[in-house]
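In case you want the letters, here they are:
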Amino acid sequence: MPTRWPAALFGAWILLLGVGYAVEPPLYGWLRLLGGLSAAGAVLLGTYRSAPDHRLPWWLLAAATALSGLGGAIAAPPPFLTDWLVWLEPAGTAVLLLSYPVLAVALAGFVARRTGASRDTPGLLDAMIVTSGVALLIWTFVVGPRLDGEVVSGVELALPVADLLCLGLLIRLATVPGRLVASGYWLGAGTGAMLVADVARVPAYGQLALYATAGMAALIPSMAELIRPSVAPATETGRGRLALLAVAALVAPTVLMVKLFQESQVAGLFLVAVLSLLMLMLVLARMSGIMTSHRQAMARERALREASAALVSAADAEAVGLAVRTTVAQLLPGDVPHGVVLAISIAQSEPPSPEAAAQAAVDRATGTAARLVQTRDVDWAVAVRLTRFTDTLRCPMVLQDRPTGDPLVGVLHVGAPSWALRELQRSVEVLAGQVALALERIALSHEVNQRNSEAYFRTLILNTADVITIVGEDDRIRYASPSALGVFGADPTGVRLPDVIHPEDRDRLTGLLAEVRGGDPGTQQLDFRAVGARGTELLLELRCRDLRADPSVSGLVITMRDVTEQRQLERELTHQAFHDAMTGLANRVLFADRLRHALARSARDGSVVGVLFIDLDDFKIVNDTLGHAVGDQLLIAVAHRIAGSLRADDTAARLGGDEFAALVENVNDPGAVEETATRILTALAEPVPTDAKPLHAVASIGITTTLEGNDSDELLRQADLALYVAKGAGKNQWRRYQRHLHDEMVERLELRSALDHAVNEGHFLLHYQPIVDLPTGAAVGFEALVRWHHPTRGVITPDQFIEVAEESGLIVPMGRWVLEEALRTVADWRRILAPGPAPYVSVNVSVRQFREAGFVDQVRNALHHTGVPPESLMLEITETLLMKDDEQRIWADLSTLREMGIRIAIDDFGTGYSSLGYLRQRPIDVVKIDKTFIDDMVTSPQPLALVSGIVSLARSLQLSVVAEGIEDDAHRDLLVRLGCPLGQGYLFASPLGPTEVLAWMRAVATVAV
């Protein structure tokens, strides 16, 4: 049931009780008891459903409503009870009054949970001020006049006082920082209504209002939020709160002014003065709190300024830590215990733990936003130093624009009581930002000092892997860094630089040195070959700088780096970027690039460019049945055969999955492109040996040439359309693009879209064609035939949309609907027809339905829900399934269905490639002979012999035979002589609607009689 319905139903129930109370006063006590118990039950139900973190306040609320209903019922007993139970009415009043303090304790529990033990003194003062104002109004204008004018019972005085107590607690709940959830508003509305009703001396209606709002508050999902601590920081003032305080402060003067004009009420001015004095004191206390908060804010701002100055002058991390500890101590009141841990990120050789890495990622994402977490959840090294505190304020120090290194500089942890941490949250965030900048400044200063050190640079030169040389005017090396020994196997000092380089690159090096000496910028980065220490050829990357004007150098500074492995890796990465990793063929990117270049050449020389799209047929079956390893072997073999069928100028590519492409260039006749497609199909005809078994790679090919288009995207789209047509034509063949294909494809896509809509909206209907006993003409069953009721084309037969349904997968939901609808129709027939053998229904099932998990359970559930016995259902499958040895799960499901009593039939038998011997290996009950053999058996001996053989073999295998497409008496008589027991066709009846079937069966029965 949706969440809103329980609350709505409960509110309607309480409203009904209120109407009953107004209409039937004698039922006063019983209705209040029923309302209170209903409210208690609703609160307990809502507590059970929403499972709040703390349930005691809700349990107390349920107890308060139950006590209220019980007390109201006992306080108004029937007269015959009060005659001999005189104590009953006072006891009921006592129980009713007891419900008020219980309600107050429940509201206090909500306040305590909502505030989280926070010291929100301003909120408490605001609640007391507003409550005092309301109390003054009620006393002055309601209770006071009653005391002067008539005798008032203690209950009538106690109820408003108790209501004021509850109202004050609700106002305190509303002043908690953060948004008040809907459950709080419901409780506030109920308490307010109860106060109004008690003042108006109709407490029963107020109690009913409380029952309704308490139940509604517990039944809505936000009830769990009402007892969770508010995470919003406390706010001193706001426009709404200031306006409310102003109104409350004006209550007392207003009352005094009104009383001055009411001479008869002057006696009550003393109490008005007392309450006015109380409200003034409360307002003063509130203002004092605001001033205290302002002073604390000024003190925190001063502490942050002093911290900024201390951090600017800090020279190391220790000084930063001291400044942080001093600042936190100034930000907190002097008597508040606290602890500070500054965790600074350092580079580690070992990778961090998964937990630490995850936490660091969260810190980088949140930035310098402080979060209040439990101390046990922080790092172990930090937790042991803050273990005396339950909560810790964790503030990451993140520099998003840090020039180098990890943006996470560290984390600042502050441990203290929870209320103090909430007040400290914003100040700690500012402090953390200052600390991050100070640490970054210290690190940068240290790095600059280190870079300016002569020892630092000497260490770099001695340990770098690059060879740093100084070359004089005669191109002779005057200095070489120690790393040259590891690169060249000897110290090249004193050797001319061109002698170190490969002879074929020396002229290029001489030209480079001349350019540098001629004033060109010395930032050239060129690769030169050289002989390494092991006699192998190296590839060196040279950088030249002209420092002849520098007296400390007086030459060319040439840096050489061994990039042999790097360039090899770059070549490999480039090859991987443009080639398929598994087959080694070009990938989609390289194929598109070569196609663009081929089209450019074709535009210049007038040659023909052909594009072939090649897609393996039924490759998914190989992966699903034999595994991906065998599928990869098949793809590799196919790639090699496609590449072997092309010329040297052509390009073979793998576009992804089982999709390949071929680019044929430099031909003058489109026939050459078609010959290439024929060669590919011929090459794929040979079985492919795999680890499982030899496989036949059957493919469909789509062809297009530049005669049809001159744009690469257009050619690719045309080849894809031609491939789609080749697959639809029966696969294992090629088709060339023709311009009308685009219109056909658009029409097919529109048909698919409309079919998807029809499946979702149920625009299908079933017709049933009789399956009759040929000797007698009596119906033994009906084949369910689906029809599509198209909104514009009328009723469409399956031959126009089943193929599209198979390709798109819509055949699965369509088949499910056909099965369930056919079984519902059979169930109706069984109820309407006279007792006796009822006809069965035959339903066609797609292989894709069998491949969906849970098909057997789907059939079993459909039979169970409709009450149709399994013997009244026959499932028809296609003949091609007989040949698929890899569909073992499907055959296992068929065996399970057959064991249930469902019969299995092979449809259109004789049109595929299966042999009759498969019939004894599969769980088959019925063979349906295709209409093409029935049409020709009267005039041609070959179909007659085939039909006769099928009937004889089926009889020997104890299988039943159904002849399809019988349209005249000659066909029927011949089949009867051959011993065929069953048949169907237009000779007996065309496909009929469900009601037409009943009329047809009655007509046949009448004729038979």
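Residues numbered from 1 in each chain as written. Predicted model: local features only at pLDDT ≥ 70, side-chain atom pairs only at ≥ 80, totals over all residues. Heavy atoms only, no water.

Right, let's get into the overall build of the protein. Secondary structure summary: the protein contains 35 helices and 23 strands in total. Looking at the 1009 residues of the protein, the share that counts as buried comes to 45%. Look at the contacts in the protein between residues 6 or more apart in sequence, and 67% of them connect residues 24 or more apart. Here the protein displays about 50,200 Å² of accessible surface, and carbon together with sulfur accounts for 59% of that area. (Helix = DSSP H or I, 4+ residues; strand = E, 2+ residues; numbered from the N terminus. Buried < 20%, exposed > 50% of the residue type's maximum accessible area, 1.4 Å probe, protein only. Contact = heavy atoms within 4.5 Å. Areas by Shrake-Rupley, 256 points an atom, 1.4 Å probe, with all protein chains shown as cover.)

So, about the confidence of the model for the protein. Per-residue confidence for the protein gives a mean pLDDT of 77; residues scoring 70 or more make up 73%. Ranking the elements of the protein by mean pLDDT puts helix H4 (residues 79–82) last, at 55, and strand S23 (residues 982–983) first, at 94. (pLDDT = per-residue confidence, 0-100.)

Turning our attention to the packing of aromatic side chains. Throughout the structure, instances matching the rule amount to 5 aromatic pairs. Considering the side-chain rings of tyrosine 768 and tryptophan 829, the 5.1 Å spacing of their centres and the 70° angle between planes classify their relative orientation as edge-to-face. Residue tyrosine 768 is found in strand S15 (residues 764–773), and its partner tryptophan 829 is found in helix H28 (residues 811–832); the two are separated by 61 residues along the sequence. No difference in accessibility class separates tyrosine 768 from tryptophan 829, as the two residues are buried. Cluster of aromatic residues (ring-pair linked, three or more members): Tyr768, Phe782, Trp829 and Trp1000. For the cation-ring pair, arginine 508 lies above phenylalanine 528, with the distance from its terminal atom to the ring centre recorded as 4.2 Å. (Phe/Tyr/Trp six-rings, centres within 6.5 Å; stacked < 30°, edge-to-face > 60°. Lys NZ or Arg CZ within 6 Å of the ring centre and 35° of its normal.)

Bringing the nonpolar core into the picture now. Membership of the largest hydrophobic core comes to 75 residues, with the highest contact counts inside it found for Leu873 and Leu875. Broken down by element, this core gets its largest block of residues, 10 residues, from H28. Apart from residues no more than four positions distant in its own chain, leucine 873 is found in contact with Leu819, Leu823, Tyr840, Val841, Val843, Val859, Leu863, Ile902 and Arg903. Counting residues in each nonpolar core, the second largest holds 33 residues, with Leu393, Leu399, Leu412 and Leu431 among its members. (Core = buried A, V, L, I, M, F, W, Y, C linked by side-chain atoms within 4.5 Å.)

The next point concerns the sheet that holds strand S10 (residues 608–616). Two orientations exist for strands paired in a sheet by backbone hydrogen bonds: parallel and antiparallel. Ordered in space as S11-S12-S10-S13-S14, the 5 strands form an open sheet in which the pairing is mixed. Only two strands of the sheet have a single partner each, and these edge strands are strand S11 (651–656) and strand S14 (734–736). Sheet twist, expressed as the average angle between the axes of neighbouring strands with direction ignored, equals 20°. For strand S13 (residues 699–705) and S14, the ladder comprises 3 bridges, and the chain directions are parallel. Considered in S14, the bridge of isoleucine 703 is made with arginine 736. (Pairing = 2+ DSSP bridges. Axes fitted to C-alpha atoms, helices over the stretch in contact; angles between N-to-C directions.)

Judged by side-chain polarity, Trp13, Leu16 and Leu34 come together as a nonpolar surface patch covering roughly 280 Å² of accessible area. In this structure, leucine 16 sits in helix H1 (residues 4–23). A relative accessible area of 53% places leucine 16 in the exposed class. (Patch = residues over 30% accessible without salt bridge, like charges linked within 9 Å, V, L, I, M, F, W, Y side chains within 5 Å. Salt bridge = Lys/Arg side-chain N within 4 Å of Asp/Glu carboxyl O.)

Looking now at the side chain of aspartate 893. Structurally, aspartate 893 is set in helix H31 (residues 888–900). Setting aside anything within four residues of it in sequence, one finds aspartate 893 in contact with Phe850 and Val856.

Attention now goes to the sheet that holds strand S3 (residues 391–398). On the basis of which strands lie adjacent, the open sheet formed by 4 strands has the order S1-S4-S3-S2 and antiparallel pairing. Two strands in the sheet have a free side with no partner beyond their single neighbour: strand S1 (339–344) and strand S2 (371–374). In this sheet, adjacent strand axes meet at a mean angle of 25° when their direction is disregarded. Here S2 runs beside S3; their pairing, made up of 4 bridges, is antiparallel. Within S3, the residue paired with glutamine 374 across the bridge is aspartate 391. The strands touched by helix H12 (residues 317–331) are S1 and strand S4 (408–415); relative to S1, the strand with the most contacts, the crossing angle is about 150°.

Another point: helix H34 (residues 969–978). Among the residues making up H34, those that are buried are His971, Leu974 and Leu975. Within H34, the buried residues cover an arc of 100° as seen down the axis, which keeps them to one side. The inward-facing, buried residues of H34 contact helix H32 (931–936), helix H33 (941–956) and strand S22 (960–963). One side-chain oxygen at the N-terminal end of H34 lies 3.3 Å from the backbone nitrogen of alanine 970; it belongs to aspartate 968. Glycine 979 lies just past H34 and shows a positive phi near 90°. (Arc of directions from axis to C-beta. Polar contact = N/O pair within 3.5 Å; in protein donor to acceptor, adjacent residues only side chain to side chain.)

Quick look at unusual backbone geometry now. Phi angles above zero are rare outside glycine, and aspartate 475 is one such case at about 65°. Within the secondary structure, aspartate 475 sits in the loop between strand S5 (467–471) and strand S6 (477–480). Under the relative-accessibility criterion, aspartate 475 is labelled buried at 11%. In this structure, glutamine 958 takes a positive phi of about 60° despite not being glycine. Within the element layout of this structure, glutamine 958 appears in the loop between H33 and S22.

As a further point, take helix H23 (residues 628–644). Between its first and last C-alpha, H23 extends 24 Å over 17 residues, near the 24 Å set by a 1.5 Å rise per residue. When H23 is considered as a whole, its buried residues turn out to be Val630, Gly631, Leu634, Leu635, Ala637, Val638, Ala639 and Ile642. Looking at the packing, one finds that the buried side of H23 touches S10, helix H22 (619–626), S11, strand S12 (659–667) and helix H24 (670–685). (Expected span 1.5 Å × (residues − 1).)

What follows covers the environment of alanine 805. Secondary-structure assignment places alanine 805 in helix H27 (residues 802–808). The buried category is assigned to alanine 805, whose relative accessible area is 0%. With 54 residues separating them along the chain, alanine 805 and leucine 751 place their C-alpha atoms 9.7 Å apart. Residues contacting alanine 805, with those up to four places away along its chain left out, are Leu755, Leu810, Ile811 and Met814.

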